[in-house]
Amino acid sequence: MTHTVLVTGVSRHIGARVASVLAADPGITRVIGVDTEPPRDGGLSLGKTEFVRVDLRSPDIAQVISAADIDTVVHMSLVSAPTKGAGRAVMKEHNVIGTMQLLGACQRSATVCRVVVRSTTAVYGSSPRDPAVFTEEFEPHDGPSHGYAKDAVEVEGYVRGFARRRPDVTVSMLRFANFMGPGVDSPLTRYFSQPVLPTVFGFDPRLQFVHEDDAVEVLRRMATEDHPGTFNVAGAGVLVLSQCVRRAGRVPLPLPSPAFSMLGEAARKAGLVDFSPEQLRLMSHGRAVDSSRLAAELGWPLKYTTAAAFDDFLRYLR
């Protein structure tokens, strides 16, 4: 039975939704949401969640866990792109150092018995030598060496170390494909919102998405049930980029890879969209994962396919 839950990263859309859903669960006594600031979206409610302003990089998180007798931690606080006014170094500190502080607090806690960590399928990287579909056991040929994906690889390493040191704690690690849906604001949703979509000439990568509703339900189940292990989370099927462009009714702009990189740098400086090196590799080689382990573990398949998740996002755009 889950009684008191701590959710990190509640200032962003998915984290706030997870906290709100858990707070509405009659089997949960108390939900505490932590972040450096309240949700930025004025229309987004935390429900009955108690918000506490905490920077995960500080030792204060240990005091929150201890004072509230937290038994379940849902770590949603990984940042996928630098925020305005904050560089890559700040983003890495938040993702990696923040996770280290959180796991250290969980390790010292006598009450924490379940930890759920949001990761990303970006840990597999994107390479022309990749398999058609990644399973959870596969080691990528060319692991990520930059940005959010590299942070996630480091975070996963710390999570595995924590699981070895605290075998009495149920640890669930969820590798999500790119979130998609009406409320999602990410580098990829901002990309598809542009009227003209730059593409890498000669490449038509395979993409996968997970609908925000499915993501929230998976996290709810993981937070209230014991499902140890690592799981891919992606809607069934794939879409190639050209299909996404046609479905969105956008104009493609094929560019040589160096020109795509230069445009991405300019767009990033202007705050329009984050065309990072890892984004360039995704837009060149794509990525697909197998989520059958998750469906078997939960006894529940995701409701939205990759195509259905993307179409729901497009309905919101229109």
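Check the entry above for the structure.
These remarks concern the structure in this document. (Residues numbered from 1 in each chain as written. Predicted model: local features only at pLDDT ≥ 70, side-chain atom pairs only at ≥ 80, totals over all residues. Heavy atoms only, no water.)

Some words on a nonpolar patch on the surface
- Taken together, the side chains of Ile97, Met100 and Tyr158 present a nonpolar region at the surface, about 240 Å² in accessible area.
- Residue placement: isoleucine 97 occurs in helix α3 (residues 88–108). (Patch = residues over 30% accessible without salt bridge, like charges linked within 9 Å, V, L, I, M, F, W, Y side chains within 5 Å. Areas by Shrake-Rupley, 256 points an atom, 1.4 Å probe, with all protein chains shown as cover. Salt bridge = Lys/Arg side-chain N within 4 Å of Asp/Glu carboxyl O. Helix = DSSP H or I, 4+ residues; strand = E, 2+ residues; numbered from the N terminus.)

Looking at the sheet that holds strand β1 (residues 4–8)
- Read across the sheet, seven strands follow the order β3-β2-β1-β4-β5-β6-β11 without closing on themselves; strand pairing throughout is parallel. The sheet terminates laterally at β3 (50–53) and β11 (229–233), the two strands that pair on one side only. Averaged over all neighbouring strand pairs, the angle between strand axes comes to 20°, with direction disregarded.
- Judged from the seven bridges that link them, strand β5 (residues 114–120) and strand β6 (residues 170–176) form a sheet pairing that is parallel. What sits directly across from serine 119, in β6, is arginine 175.
- Contacts between α3 and the sheet are confined to β1, β4 (72–75) and β5, with β4 contributing the most and set at about 170° to the helix.
- Helix α4 (residues 147–165) contacts β5 and β6 of the sheet and is inclined by roughly 155° relative to β5. (Pairing = 2+ DSSP bridges. Axes fitted to C-alpha atoms, helices over the stretch in contact; angles between N-to-C directions. Contact = heavy atoms within 4.5 Å.)

What to know about the side chain of serine 126
- Here serine 126 is to be found in the loop between β5 and α4.
- Assessed through its relative accessible area of 2%, serine 126 is described here as buried.
- Separated by 3.3 Å, the side chain of serine 126 and the backbone oxygen of glycine 286 make a polar contact.
- In this structure the side chain of serine 126 is engaged in a polar contact, spanning 3.2 Å, whose partner is the side chain of arginine 287. (Buried < 20%, exposed > 50% of the residue type's maximum accessible area, 1.4 Å probe, protein only. Polar contact = N/O pair within 3.5 Å; in protein donor to acceptor, adjacent residues only side chain to side chain.)

It is worth stressing that arrangement in space is one thing and function is another; only the former is reported here.
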